[in-house]
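Per-entry structural report
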Amino acid sequence: MKQLIEKANTLMEALPYIRRFSGKTFVIKYGGHAMADEKLKESFALDVVLLKSLGINTVIVHGGGPQINDTLKRYGIVSEFVRGMRVTDAETMQVVEMVLAGQVNKEVVGYLNQHGGRAVGLSGKDGTLLLAKKLLQEVRGDDGTVEMIDIGYVGDVVKVNTDLIATLEQGKYIPVIAPIGVGLDGESYNINADLVAGRVAAALNAEKLILLTDVNGVKDKSGTLLESISVADLHRLIEEEAITGGMIPKVICCADALKEGVKKAHIIDGRMEHAVLLEIFTDVGIGTEIVK
C-alpha cells in the first residue's frame, strides 16, 4: 500500500507541471549515450510519447556523430577536426547525409512509433525546413590573430520553416529532424545538432529547449552541479574556465535561444532512464535549468 501511495504522490507532484505545459512546445536535442543504449532508447521514446499524449507539442532534433564516425571508417575516409568541428568535404557530406537523414533519423522515428507515437522523420532539406549558409570556423593563432577557416560543407541556420512543423503538430505528429540544412543553390550542409535545436526552439518560441548530454549538467569550479543558473552566470563560468570544451557550445546555444524568446533551457544527463520526465515533472529536477 505504501508503494501505491508513493506512486500517487508522484502523480500529484507532476499535476501542476502538466497543467502549465499542456499546449506548449518543447524542443529536445537527442544525442549522446541515450542514442546508443537499447534501454535508454526505449525510455526516451516513452517519455516523448507521454509528453505528446499530455498535449505538449514535442519536436526532436537528433545528432549522430558516433554513427557517422563508424560509417566513415568503413569507407576508409579519415575525418579532420578544427576546434571540434568536422571538416566536411563533398565525399564526407554524402556519408553524413546518408547516416543522419537515413539510418539515424529512421531509427529514432521507428522507436517512437513502436511505442505508440506518430513520428515523422525530416531532414532540413524537406520543405526547406532549415535554410542554411556556410559556417566559417574561427581559429586564433598563438600571436592572438584571428583567422576564419573554410571547413567545407558545414553550415549555420539562416531560417527555420515553422509552417511545416506547425502543419505536422496540427496533425498530432512528432517531427524528428536530422540536422542537415539546404543552401540557396540546393547544396547540403552538415549543421551542429545543438545549434539546430536552439534555432528551431527560438523560431517556435518554445517553452523549453532540452539538451540530452553525457554529463550531469553544468557544474561550477568546484565540480558541484548547478540546479539553476542565469545566462549572466554562464558567461562568468566560461571566463573562469569552469565551463570548458564541448560544454561551451551547448551553453552558448541555450543562451542564444533564451535571448530569442525561449522561456527556459535545460541541460540534462541522457544516461539516466526517463531523464526528460524527471527534469520536467519533478520539483527538484535532475540537471541544470538555465534562465534569462
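Data block above holds the structure.
Conventions and cut-offs
Residues numbered from 1 in each chain as written. Predicted model: local features only at pLDDT ≥ 70, side-chain atom pairs only at ≥ 80, totals over all residues. Heavy atoms only, no water. Helix = DSSP H or I, 4+ residues; strand = E, 2+ residues; numbered from the N terminus. Rg over C-alpha atoms; globule rule 2.2 N^0.38 Å. Buried < 20%, exposed > 50% of the residue type's maximum accessible area, 1.4 Å probe, protein only. Contact = heavy atoms within 4.5 Å. Arc of directions from axis to C-beta. Core = buried A, V, L, I, M, F, W, Y, C linked by side-chain atoms within 4.5 Å. Phe/Tyr/Trp six-rings, centres within 6.5 Å; stacked < 30°, edge-to-face > 60°. Pairing = 2+ DSSP bridges. Axes fitted to C-alpha atoms, helices over the stretch in contact; angles between N-to-C directions.

1. A few points about the overall build of the chain
- Helix and strand counts for the chain stand at nine helices and 14 strands.
- Here the C-alpha radius of gyration of the chain, 19 Å, is about what a compact globule of 292 residues would show, namely 19 Å.
- For the chain, the residues scored as buried account for 48% of the 292 residues in total.
- Sequence-distant contacts, at least 24 apart, represent 72% of the contacts inside the chain between residues at least 6 apart.

2. A look at helix 3 (residues 65–74)
- Those residues of helix 3 that fall on the buried side of the exposure criterion are Gln67, Ile68, Thr71 and Leu72. One side of helix 3 holds all its buried residues, which, seen down the axis, span an arc of 130°. The exposed residues of helix 3 that point more than 90 degrees off its buried face are Pro66, Lys73 and Arg74.
- Packing partners of the buried residues in helix 3 comprise strand 4 (85–86) and helix 4 (90–114).

3. A word on the nonpolar core
- One finds Ile28, Leu51, Leu112, Leu212, Val276 and Phe281 to be the most contacted residues of the largest nonpolar core, which totals 42 residues.
- Elements with a minimum of two residues in this core: helix 1 (2–21), strand 1 (25–30), helix 2 (38–53), helix 3, helix 4, strand 8 (174–178), strand 11 (208–213) and helix 9 (275–280).
- Looking at this core, the element that brings in the most residues is helix 4, giving ten residues.
- Excluding residues within four positions of it along the chain, Val276 makes contact with Ile28, Phe44, Asp47, Leu51, Ile210, Leu212 and Ile268.
- Among the nonpolar cores identified, the runner-up in size contains 41 residues, and Ala132, Tyr189, Leu209 and Val262 belong to it.

4. As for the side chain of Thr25
- Structurally, Thr25 can be placed in strand 1.
- Filtering out sequence-adjacent residues up to four positions away, Thr25 remains in contact with Asn57, Glu169, Leu204, Ala206, Glu207 and Lys208.

5. Some thoughts on the packing of aromatic side chains
- Scanning the entire structure with this criterion turns up four aromatic pairs.
- Centre to centre, the rings of Tyr30 and Phe44 are 3.9 Å apart; their planes meet at 0°, and the pair counts as stacked. One end of the pair, Tyr30, is in strand 1; the other, Phe44, is in helix 2, with 14 residues separating them in the sequence. Comparing Tyr30 with Phe44 shows no difference in burial state: the two are buried.
- Judged by centre distance (6.3 Å) and plane angle (45°), the ring pair of Tyr153 and Tyr189 falls under tilted. Highlighted residues: Tyr153 in strand 7 (residues 146–160) and Tyr189 in strand 10 (residues 188–190), separated in sequence by 36 residues.
- For Tyr153, a relative accessible area of 31% translates into the label partly exposed.

6. Things to note about the sheet that holds strand 14 (residues 288–291)
- An order of 5-8-2-1-11-13-14-12 is seen for the eight strands of this open sheet, with the pairing classed as mixed. Of all strands in the sheet, those with a lone pairing partner are strand 5 (119–123) and strand 12 (228–230), marking the two edges. Geometrically, the sheet is characterised by an average inter-axis angle of 20° between neighbouring strands, direction not taken into account.
- As defined by bridge partners, strand 13 (residues 264–269) adjoins strand 14 across three bridges and the pair is classed as antiparallel. Bridge pairing in strand 14 links His266 to Glu289.

Nothing here speaks to function; it is geometry throughout.
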